[in-house]
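Observations on the model geometry
The chain contents come next:
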Amino acid sequence: MIERPDRTPIPRSFFDRPVLEVAPELLGCTLVRRTDDGPLELRITEVEAYAGEVDPGSHAYRGRTPRNDVMFGPPGHAYVYFTYGMWHCLNVVCGPEGHASGVLLRAGEIIKGAELARKRRLSARYDKELAKGPARLATALDVDHVLKGTDLCLGGDAPLTLYPGQSPTPDLVRNGPRTGVGGEGALHPWRFWIDGDPTVSPYRAHAPRKRAT
């Protein structure tokens, strides 16, 4: 993939800010995924903010572990985690190094490489469903644990890069509770999305998992 001369990755300073500032400003940005089969591009339409040690909904709430180590910085890197024993999810690390916080990329529109995404998302009936939800997004872009820690600010031949895009107008940015988060973090209105965009995932409240009897 040859980058346009005027295409510059988002600088690290953008991510080195409080997570609640970074999260809504990622809406409309472009994520480029470079694979052996070709590049894919995604316009971000939905995100969720997680504020680390002060956020009960965050993986880093109880401190640093081998699993969440990437969340503690430096900013501008990818935090990829495995969930429910089958899916990966992609997050962007932000905030000052040493204080864990990140933005979950919940949904987006595949604007380039849809033919590649369709091969990985065979159950998607329409292209608007290719990356409609965090696990679907990671699957469509072929993101797994191998990309954990990837620097998103490099450009060039890097496997993942974030570029500026066309930001939505302020009247189109909505926020509300995060999907599937329970406990003390359930009511934080830290989910941000572009109103009316067909690729945004539906909101679902937290449902406690029942133990088998």
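Residues numbered from 1 in each chain as written. Predicted model: local features only at pLDDT ≥ 70, side-chain atom pairs only at ≥ 80, totals over all residues. Heavy atoms only, no water.

In this section: the overall build of the protein chain. Scanning the protein chain for helices and strands turns up 4 helices and 8 strands. Over its C-alpha atoms the protein chain spans a radius of gyration of 16 Å, differing by no more than 12% from the 17 Å that the globule rule assigns to 213 residues. Along the longest, intermediate and shortest principal axes, the C-alpha atoms of the protein chain span 50 × 40 × 35 Å. Counting over 213 residues, the protein chain shows a buried share of 52%. In the protein chain, of all internal contacts separated by at least 6 residues, the share reaching a separation of at least 24 is 63%. (Helix = DSSP H or I, 4+ residues; strand = E, 2+ residues; numbered from the N terminus. Rg over C-alpha atoms; globule rule 2.2 N^0.38 Å. Buried < 20%, exposed > 50% of the residue type's maximum accessible area, 1.4 Å probe, protein only. Contact = heavy atoms within 4.5 Å.)

Here Thr83 is to be found in strand 3 (residues 78-83). Judged by relative accessible area, which is 19%, Thr83 ranks as buried.

Per the counting criterion, the structure on display carries 16 salt bridges. Here Arg12 makes a salt bridge to Asp151, at a shortest N to O gap of 2.8 Å. Of this pair, Arg12 sits in helix 1 (residues 12-15) while Asp151 sits in the loop between helix 4 (134-140) and strand 6 (160-163); the two residues are 139 residues apart in sequence, bridging distant segments of the chain. A relative accessible area of 31% places Arg12 in the partly exposed class. You can call Asp151 buried: its relative accessible area is 14%. (Salt bridge = Lys/Arg side-chain N within 4 Å of Asp/Glu carboxyl O.)

Across the junction of Gly73 and Pro74, the peptide omega takes the value 5 degrees, indicating a cis bond. By secondary structure assignment, the location of Pro74 is in the loop between strand 2 (38-50) and strand 3. Its identity as a non-glycine residue notwithstanding, Asp142 has a phi of 60 degrees, on the positive side. With respect to the secondary-structure elements, Asp142 resides in the loop between helix 4 and strand 6.

Our next topic: the nonpolar core. Grouped together as the largest cluster of nonpolar side chains are 43 residues, with contacts concentrated most on Phe15, Leu26, Val47, Leu90, Leu105 and Leu162. Element by element, the count of residues in this core is highest for strand 2, at 5 residues. When residues no more than four places from it in sequence are discounted, the contact partners of Leu162 are Pro9, Ile10, Phe15, Leu26, Thr30, Leu31, Ile44, Val92 and Leu152. By size, the runner-up hydrophobic cluster in this structure holds 12 residues, among which are Met71, Val93, Ala100 and Leu104. (Core = buried A, V, L, I, M, F, W, Y, C linked by side-chain atoms within 4.5 Å.)

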